[in-house]
Amino acid sequence: SGEAMVGNFGGLDSSVEITALGSPVNFLSRLDELTKAPEMAQLLKPGDLILCERSADLLRELGIPLELVLIDLCKMGLKVRDFPETRIVYTLKPNDVHYAALLEPYQTIREPDDVERAGGANGSES
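Just so you know, these numbers come straight off a predicted model, no measurement behind them.

(A) Representation of the overall build of the chain. Along the chain, the regular secondary structure elements total five helices and five strands. Reading the chain from its N end, one meets helices and strands in the order β-β-α-α-β-α-β-β-α-α. The buried share of the chain, reckoned over its 126 residues, is 25%. Residue pairs at least 24 apart in sequence account for 53% of intrachain contacts in the chain once pairs closer than 6 positions are excluded. Total accessible area on the chain is roughly 9,100 Å²; 55% of this is exposed by carbon and sulfur atoms.

Structure, rendered in structure tokens:
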């Protein structure tokens, strides 16, 4: 979660090289490295999603009921390289219930202006 820049940086040779830059991109790269550690790999199955604490908190704030599984990296003796403050991550198993829970908020929005009328992205009243 966070801000990143995505675009064709330095592509003067007419090739389309889309690049993403920013802390969230770096974090995801380091988290991907961590999934290869045997202690972490044994907890994961193909298709599992891994969320940082901030992303999990944002989903909770939206009131989306998901079954997140907490992974305490410190207890496992693991660290996210270059992000030592990250102590907790979550896994989310893809299934029909989770898909329906994530899709539901989008089904109520018909047009971009509906987000404004609904009180913004978090659904709070203005």
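(B) Region of interest: helix α1 (residues 23-34). Here α1 contains twelve residues, and its C-alpha end-to-end distance of 16 Å stays within 8% of the 16 Å for a straight helix at 1.5 Å per residue. When α1 is considered as a whole, its buried residues turn out to be Pro24, Phe27, Arg30, Leu31 and Leu34. Within α1, the buried residues cover an arc of 125° as seen down the axis, which keeps them to one side. Each element contacted by the buried residues of α1 is listed here: α2 (38-41), β3 (49-52) and β5 (88-92).

(C) Region of interest: the environment of Val97. Tracing the chain through its elements places Val97 in helix α4 (residues 96-107). Between the C-alpha atom of Val97 and that of Glu67, which follows or precedes it by 30 residues, the distance is 9.5 Å.

(D) The arrangement of the pairing of β5 in detail. Of all five residues that make up β5, five are buried, and the element is covered over most of its length. Side chains of β5 alternate between two faces, with Ile88, Tyr90 and Leu92 and Val89 and Thr91 buried alike. Taken together, the four bridges between β3 and β5 define a ladder with antiparallel strand orientation. Opposite Leu49, over in β5, you have Leu92 as the bridge partner. Bridging between strand β4 (residues 68-72) and β5 involves five bridges; their strand directions are antiparallel. Looking at β5, one finds that Leu70 is bridged to Tyr90.

So, how was this worked out
- Residues numbered from 1 in each chain as written.
- Predicted model: local features only at pLDDT ≥ 70, side-chain atom pairs only at ≥ 80, totals over all residues.
- Heavy atoms only, no water.
- Helix = DSSP H or I, 4+ residues; strand = E, 2+ residues; numbered from the N terminus.
- Buried < 20%, exposed > 50% of the residue type's maximum accessible area, 1.4 Å probe, protein only.
- Contact = heavy atoms within 4.5 Å.
- Areas by Shrake-Rupley, 256 points an atom, 1.4 Å probe, with all protein chains shown as cover.
- Expected span 1.5 Å × (residues − 1).
- Arc of directions from axis to C-beta.
- Pairing = 2+ DSSP bridges.

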